[in-house]
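One letter stands for each residue in the lines below.
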Amino acid sequence: MSTPYTDSTPLYNSRLIDTYVKYVDKTYPQVPVGEILSYANIKSYELADQGHWLTQNQVDRFYEKLVQLAGNEKIAREAGRYAASPDAMGIVRQHSLGLVGPANAFKLIGRTAPNLTKSAIYVSQEIAPNKVKVEVTPRPGVNEQPFQCENRIGFWEALVMMLGNNMPTVEHPECIFKGDPKCTYIISWERPLSSTLKTIRLFLAASSAVALGLASFQAPDFALRLLAPSVLFTYMSLSFFIEKMEKKEILGSVSEIKDSSDQLLEQINRNYNNALMANEIGQAISSQTNFKHIEQTIGSTSNIDEILRDVIQILNKRLDYDRGLILLTNKDRTALIFRAGYGYSEKHQNMLRGTAFHLDNPESKGMFVVAFRKQEPFLINDINEIGKSLSPRSQALAEALGVHSFICCPIICDGEAIGVLAVDNIRSKRPLVHSDLTLLMGIAPVVGISIRNADLLNARRKQFHSILQTLAKSIDARDPMTAGHSEKVTEYALGICNELQKPKDFCEMIRVASLLHDYGKIAVPDAILKKPGRLSREEYQIVKTHSQKTREILDQINFEGIYHCVPEVAAGHHEKLDGTGYPNGLSGEQIPLGSKIIAVADFFEAITAKRHYREPMPLKVAFQVLREESGKHFEEEIIEALIRHFEKNHIQGFKERWKDLEMPERKSLRVPCKAPVSYMMDGALVAGTSADISAKGIFVESQRDMNEGEKIQISFTLPNIDSKMYETSGRVAWVNHKGMPRKRGMPMGFGVEFLDLNKKTFDAVLSYVIANHLPALTNQPC
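Each chain has its residues counted from 1, following the order in which its sequence is written. It should be noted that, the model being predicted, local features are given only for residues of pLDDT at least 70 and side-chain atom pairs only at 80 or more, the latter also being counted only at that level, while totals for whole chains, interfaces and linings use all residues. Side-chain measures here rest on the full set of heavy atoms in the structure, leaving out hydrogens and waters.

**Student:** Break down the overall build of the chain for me, with residues and values.
**Tutor:** For helices the rule is a DSSP run of H or I covering at least 4 residues; for strands it is a run of E covering at least 2, with both sets numbered from the N terminus onward. Along the backbone of the chain there are 29 helices and 19 strands. Relative accessibility under 20% of the residue-type maximum defines a buried residue, over 50% an exposed one, and the middle range a partly exposed one, all with a 1.4 Å probe and only protein chains included. Taking all 782 residues of the chain together, the buried fraction comes to 49%. By the convention used here, residues are in contact when the closest approach between their heavy atoms is within 4.5 Å. For the chain, the share of sequence-separated contacts (at least 6 apart) that also reach a separation of at least 24 residues comes to 66%.

The following block contains the structure:
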């Protein structure tokens, strides 16, 4: 069941009223068309848009005001006739499509009329070659007015005249305004001259044939020498003239066809261009709003900025506008901020960037703000028409930018305005029409959805990474001594990837795996994890299980895409090239590259950071220890990549750190120290050699089995300081057993923590440490 028509149903194409406006502009220049349109609630850009339709109420009010101001009650029929003039832009010409003759045009009136009006059903019938009948039956609920009947009569007259004929005769035997159920029009017109001449030629040929037949019996010589040539000449001349007239009529039709074809081709090209634009925008947005792309752009330009940049470039390429811009709200939604644009000079772009269109000011009257608040689009073909409604600030900005006509559309997503899309023309003279507004209103929601999707994906990314950081810190936080370990390992691992020029997705996977590489330690008891002394063999075996635990826990997380191998990579960071690592004893190429990278980063961070059982290893020694492991435990290429990264990004920081050390930190500095050492053990004096020393303790090379926590008396010398023997008490803090070394790169022996170091001895040791540590550090390449 069809919906009944009402006075508010769009029924009439804007071209019908546009013809009135053009006629009024030409014939009644004193009549203010703007006042008429305003009274009828019709926008000027709606008339320029051939795709816009008006209601019965709008048309009635338009005509009411027009007759009042023009003082001509017959203007409806005159406007209909005006449709045949060149100034009317061929309103009928576009629908006749070069049909030859009025009869053929009227045959298709039932098909062409709906392109202009939906208010009635049109049926045509040919009565004679130059005479047709048209019946117009209003649809139920439509309340047409008499002036529309008069306008139709003018329309029929225009249709006939447009095709090269004189004013036709229009009879109107039935009219709905006289109580009849329909309006009937009988339109007749004079036949074309060529058709009349053809009739004359045919009559001439027939009569000449009869005359020649009679003359041939009565006066053969006259018939042959005079009458026959005269008849033949007259017939040939008339035929030539008829052919010339027909060609002229055909050329006129061809011209009409060409005009219509050109306009149709232009519209096809415009539609095709718009389709390409929509496709390109969709592809650009799709490439920018997938999660993998967002992960690969960490630390780069905002994903939303990339979307806007791509969209604005496509608009510039595909749309027929001189300039365009996109404004988005700031975080607290108090202002619209310029985010992207094209066609503006650098001066104008700087002006727009420095202008905030305030949303929190009730007095703001700018069109951008109004469009945003009301969530309605606006098309302004002359900014002077709205000058009184603009604030002085908005007027000044429009004048500075050279704005004359523009369209602004709110960018809406989920019922909420998030910005404004605007275009304008300052060089071209093409008017902005309603189809432009419709096109932009189709683009704006796509941009809005894309921005919202990018926001949601960014939020998802931030949530994902915050969870990772929390998981990593939850392990590090169990022991203040190891706080920040996972983050430092991650930094070093990414530095290695950068030196090896690995792709972004691989680096992102490494970042996640590095943060979580020790998560399995959550299953290791605190008593073991925080033990200050040497671990027993059983305790060490328990610690080693953290790699497998890491794999088991991370396997329960649904890692996808570039993250799918995170569990395997994270769990393999204790595997070694020679197959002596754990948990699976992998070797060589069996070990994932990511695991090899994290292994080097983890080892380096461990030996250069303070632990319960030892002090940080000096940088020079740490690099040497790493290189000693090359080919056995770690890959040489990865080791050298870490060293290059560290030298580029951290050496200077370490120099400054040592340069400005406070006394408590200097105590923990440890430097190599080869010097004679003696200590009491089981009541006997034992001689040995030191390996390194700090203000807190000394390491003694020894094959003896010492017990952690055991107190001893120790004596030592300081080379290059003096030849004195310094003596103090100490405690065995840790032991480097051959079977289970605590510190790679160090010989077998034990570390002694000084317990009762007098000031004289302390000053001597500290002087030795500083004198030997700073030169060693500052001599490192930067």
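Additional details are given in the paragraphs that follow.
**Student:** Which residues make up the environment of alanine 215, and what values do they have?
**Tutor:** Looking at where alanine 215 falls in the secondary structure, it is placed in helix H10 (residues 193-218). Separated by 13 residues in sequence, alanine 215 and alanine 228 have C-alpha atoms that sit 9.7 Å apart.

**Student:** Can you tell me about helix H24 (residues 593-607), naming the residues and giving the values?
**Tutor:** Residue count minus one, scaled by 1.5 Å, sets the expected span of a helix. Along its 15 residues, H24 runs 22 Å from first to last C-alpha, staying within 8% of the 21 Å computed at 1.5 Å per residue. With 13 of its 15 residues buried, H24 lies for the most part within the structure.

**Student:** Provide a residue-level description of the side chain of serine 595, including the pertinent values.
**Tutor:** Along the chain, serine 595 falls in helix H24. Once residues lying within four places of it in the same chain are set aside, the contact partners of serine 595 are Glu568, Val569, Gly572 and His573.

**Student:** Give me the nonpolar core: which residues, what numbers.
**Tutor:** Residues grouped as a nonpolar core are buried Ala, Val, Leu, Ile, Met, Phe, Trp, Tyr and Cys residues, joined through side-chain atoms within 4.5 Å. Within the largest apolar cluster, 53 residues are counted, with the highest numbers of intra-cluster contacts made by Phe62, Trp156 and Ile187. With eight residues, helix H9 (residues 146-162) is the largest single contributor of residues to this core. Beyond its immediate sequence surroundings of up to four residues, tryptophan 156 is in contact with Phe106, Ile109, Tyr122, Val134, Val136, Pro168, Val170, Tyr185 and Ile187. If you look at the next biggest cluster of nonpolar residues, it comprises 45 residues, including Cys497, Val600, Leu619 and Phe623.

**Student:** Residue-level account of the packing of aromatic side chains, with values.
**Tutor:** Two rings belonging to Phe, Tyr or Trp (six-membered ring only in the last case) form a pair when the distance between their centres is within 6.5 Å. Interplanar angles under 30 degrees mark stacking, angles over 60 mark edge-to-face geometry, and anything in between is tilted. Taken as a whole and judged by the stated rule, the model has 22 aromatic pairs. Ring geometry for tyrosine 23 versus tyrosine 82: centroids 5.4 Å apart, planes at 55°, classification tilted. Of this pair, tyrosine 23 sits in helix H1 (residues 14-27) while tyrosine 82 sits in helix H5 (residues 75-82), and the two are 59 residues apart along the sequence. For tyrosine 23, a relative accessible area of 11% gives the class buried. The exposure class of tyrosine 82 is buried, given its relative accessible area of 8%. Plain terms: the ring middles of tyrosine 679 and phenylalanine 750 are 5.5 Å apart, the flat faces sit at 85° to each other, and that makes the pair edge-to-face. With tyrosine 679 in strand E14 (residues 676-681) and phenylalanine 750 in strand E19 (residues 749-754), the pair connects residues that are 71 residues apart, well separated along the chain. No difference in accessibility class separates tyrosine 679 from phenylalanine 750, as the two residues are buried.

**Student:** I'd like to hear about the sheet that holds strand E7 (residues 323-329), residue by residue, with values.
**Tutor:** Strand order across the open sheet formed by six strands is E9-E8-E7-E12-E11-E10, with antiparallel pairing between neighbours. Looking at strand neighbours, the two that pair on one side only are strand E9 (357-358) and strand E10 (378-380), the edges of this open sheet. Pairing between two strands requires that DSSP report at least two bridges joining them. As paired elements, E7 and strand E8 (residues 335-342) share six bridges and run antiparallel to each other. Across the sheet, the residue bridging to isoleucine 326 is alanine 340, located in E8. Fitted lines through C-alpha atoms give the axes, limited to the stretch in contact for helices. The angle between two N-to-C directions lies from 0 to 180 degrees. Along the sheet, helix H14 (residues 346-353) contacts E7 and E8; its crossing angle with E8, the most-contacted strand, is approximately 160°. Its contacts with the sheet put helix H15 (residues 367-374) on E7, E8, E9, E10, strand E11 (405-413) and strand E12 (416-425), and the angle it makes with E12 is roughly 140°.

**Student:** Tell me about unusual backbone geometry, residues and numbers included.
**Tutor:** For the bond from tyrosine 582 to proline 583, the omega torsion is 15°, close enough to zero to count as cis. Its place among the elements puts proline 583 in the loop between helix H23 (566-571) and H24. Of note in the backbone geometry, arginine 333 takes a positive phi value of approximately 55° without being a glycine. Relative to the assigned elements, arginine 333 resides in the loop between E7 and E8. Using a relative accessible area of 33% as the deciding quantity, one classes arginine 333 as partly exposed. Non-glycine residue glutamine 375 carries a positive phi angle of around 55°. Along the polypeptide, glutamine 375 turns up in the loop between H15 and E10.

**Student:** Summarise the packing of helix H18 (residues 485-499) against H24; cite the residues concerned and give the values.
**Tutor:** Between H18 and H24, whose axes approach to 8 Å, the crossing angle comes to 130°. In terms of axis orientation, H18 runs oblique to H24. In this structure, H18 meets H24 at a crossing whose hand is right-handed. Contacts from His485, Lys488, Val489, Tyr492, Ala493, Ile496 and Cys497 of H18 reach H24 at Ile597, Ile598, Val600, Ala601, Asp602, Phe604 and Glu605. Of the residues that constitute the contact of H18 with H24, the class distribution is 10 nonpolar, one polar and three charged. Note on terminology: angles under 35 degrees are roughly parallel, angles over 145 are roughly antiparallel, angles of 65 to 115 are roughly perpendicular, and the others are oblique. Crossing handedness is defined as follows: a turn of the near helix away from the far one that is anticlockwise and smaller than a right angle gives a left-handed crossing, while the clockwise case is right-handed. Classification used: nonpolar for Ala, Val, Leu, Ile, Met, Phe, Trp, Tyr, Cys and Pro, charged for Asp, Glu, Lys and Arg, polar for all others including Gly.

**Student:** Please give an account of helix H19 (residues 504-515) that cites residues and values.
**Tutor:** Between its terminal C-alpha atoms H19 stretches 17 Å, which fits the 16 Å expected from 12 residues at 1.5 Å a residue. The element H19 is extensively covered by neighbouring structure, given that 10 of its 12 residues are classed as buried. Every buried residue of H19 is listed here: Phe506, Cys507, Glu508, Met509, Ile510, Arg511, Val512, Ala513, Ser514 and Leu515.

**Student:** Could you give an account of the confidence of the model for the chain, with specific residues and numbers?
**Tutor:** Of all residues in the chain, 82% have pLDDT values of 70 or greater, and the mean over the chain is 79. Per-residue confidence from the predictor is reported as pLDDT, a score between 0 and 100. Below pLDDT 50 for its whole length, residues 291-301 participates in 30 contacts with residues either more than four positions away or in separate chains. Taken together, the stretch residues 774-782 has pLDDT below 50 and engages in 17 contacts with residues farther than four places along the chain or on a different chain.

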